[in-house]
Amino acid sequence: MSQFLGPIHEWMYGKIKYQDQMTNYICEKAKEYGWNEQLKKTLTKAYGELTPGNLEDIIDVTNIHGWLSSHVDMVESHFAQAVHSLLEEDKTRLEALKQVCFEAGKEVGSQFDKTISCKECYDIVRGHLVDGMPCDGGLRIESDEEDQIIWSVSEQVHEPYWTERQESLDTFFELRDAWLRGFFDEKVVQYTQLATNTFCVKEG
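Residues numbered from 1 in each chain as written. Predicted model: local features only at pLDDT ≥ 70, side-chain atom pairs only at ≥ 80, totals over all residues. Heavy atoms only, no water.

Draft legend 1. The arrangement of the packing of helix α4 (residues 64-89) against helix α7 (residues 155-163) in detail. Two numbers describe how α4 lies on α7: the axes approach to 9 Å, and their chain directions differ by 50°. As judged from the angle between their axes, α4 and α7 are oblique. With respect to the hand of their crossing, α4 and α7 are arranged in right-handed fashion. In this structure, α4 contributes D73, E76, S77, F79, A80 and V83 to the contact, and α7 contributes V157, H158, Y161 and W162. Taken together, the residues of the contact of α4 with α7 sort by class into six nonpolar, two polar and two charged. (Axes fitted to C-alpha atoms, helices over the stretch in contact; angles between N-to-C directions. Helix = DSSP H or I, 4+ residues; strand = E, 2+ residues; numbered from the N terminus. Parallel < 35°, antiparallel > 145°, perpendicular 65-115°, else oblique. Left-handed = near helix turned anticlockwise from the far one by under 90°. Contact = heavy atoms within 4.5 Å. Nonpolar A, V, L, I, M, F, W, Y, C, P; charged D, E, K, R; others polar.)

Here you go:
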């Protein structure tokens, strides 16, 4: 393993930080709605938390891949446990959680011009959402054309975090779809969820 950081490591850490931010959104809403004011503290106690700072200052350069992989595991666990804890108390909260994800996606989408291409949209999405490590094959391009991209998300990459909490993986994909709908809300390209884990963007 190389002891030098490269762009792909910074890219991965950006995804990790964004996943952590998503969980923080959920924790903030849980507190705002009076659902669970201690959720963030509970997650931190159980799984740890991200250390603030530049990647080069906090990563174990003797085990770059292992360090990033352990932090993917951390933020995936945070997210799945946060959702599970809230739904375990009240399943009807799912709609509110989907709205949180929609708004989060819309916030990211608003940072980019509404006329960006399918490929640009896909690259931005891929650069924000965690789907395992690059070597895990979490995303698979099903169709890559000039005016359309279809991709699927590996269920195996995410499933352990949800099944160990006896939560349906469908919940994860409903939240993923909500985020994507938010991201594409005002974009010229059209977004469609073709199947539970398969998504499409195409030129209008």
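Draft legend 2. Molecular detail of the packing of aromatic side chains. Under the definition given, this model contains twelve aromatic pairs. Centroid distance F183 to F184: 4.9 Å. Interplanar angle 85°. Geometry classified as edge-to-face. Relative accessible area serves as the criterion here: at 5%, F184 is assigned to the buried category. Geometrically, the ring pair formed by Y191 and F199 is stacked, given 6.4 Å between the ring centres and 20° between the ring planes. Relative accessible area serves as the criterion here: at 0%, F199 is assigned to the buried category. (Phe/Tyr/Trp six-rings, centres within 6.5 Å; stacked < 30°, edge-to-face > 60°. Buried < 20%, exposed > 50% of the residue type's maximum accessible area, 1.4 Å probe, protein only.)

Draft legend 3. Structural view of the nonpolar core. Grouped together as the largest cluster of nonpolar side chains are 45 residues, with contacts concentrated most on W162, W179, L180 and F184. If one sorts the elements of this core by residue count, helix α8 (residues 169-183) sits on top with eight residues. The residues touching W162, leaving out its near neighbours within four places in the chain, are F79, A80, V83, E167, S168, L169, T171, F172 and L175. Ranked by size, the runner-up nonpolar core spans 14 residues in total, among them I16, L68, M74 and M133. (Core = buried A, V, L, I, M, F, W, Y, C linked by side-chain atoms within 4.5 Å.)

Draft legend 4. Seen up close, the sheet that holds strand β1 (residues 139-145). A sheet is described by the order of its strands in space; here four strands give the open sequence β1-β2-β4-β3, paired in antiparallel fashion. Only two strands of the sheet have a single neighbouring strand rather than two, namely β1 and β3 (190-195). Pairwise comparison of adjacent strand axes, ignoring direction, gives a mean angle of 20° for this sheet. Looking at chain direction, β1 and strand β2 (residues 148-153) are connected through six bridges and run antiparallel. In the strand pairing of β2, I141 is matched with W151. Across the sheet, α8 touches β2, β3 and β4 (198-202), and the angle it forms with β3 is around 165°. (Pairing = 2+ DSSP bridges.)

Draft legend 5. Layout of the side chain of H158. Residue position: H158 is located in helix α7. When its relative accessible area of 0% is taken as the criterion, H158 is described as buried.

Draft legend 6. Up close: the pairing of β4. Here β4 lies mainly inside the structure; four of its five residues are buried. Where β2 lies against β4, five bridges are found, and the strand directions are antiparallel. Looking at the pairing, S152 lines up with T198 of β4. Pairing analysis gives five bridges linking β3 to β4, with the strands arranged antiparallel. Within the sheet, the bridge partner assigned to Y191 lies in β4 and is V201. The turn linking β3 back onto β4 is made up of two residues.

Draft legend 7. Main features of helix α5 (residues 94-109). With 16 residues, α5 should reach 22 Å at 1.5 Å per residue; the first-to-last C-alpha distance of 22 Å fits that figure. Listing the buried residues of α5 in full gives L94, L97, K98, V100, C101, F102, A104, G105, V108 and G109. Tucked inside the fold, the buried residues of α5 contact α1 (7-32), α4, α6 (118-126) and α8. (Expected span 1.5 Å × (residues − 1).)

On their own, these measurements won't tell you what the molecule is for.
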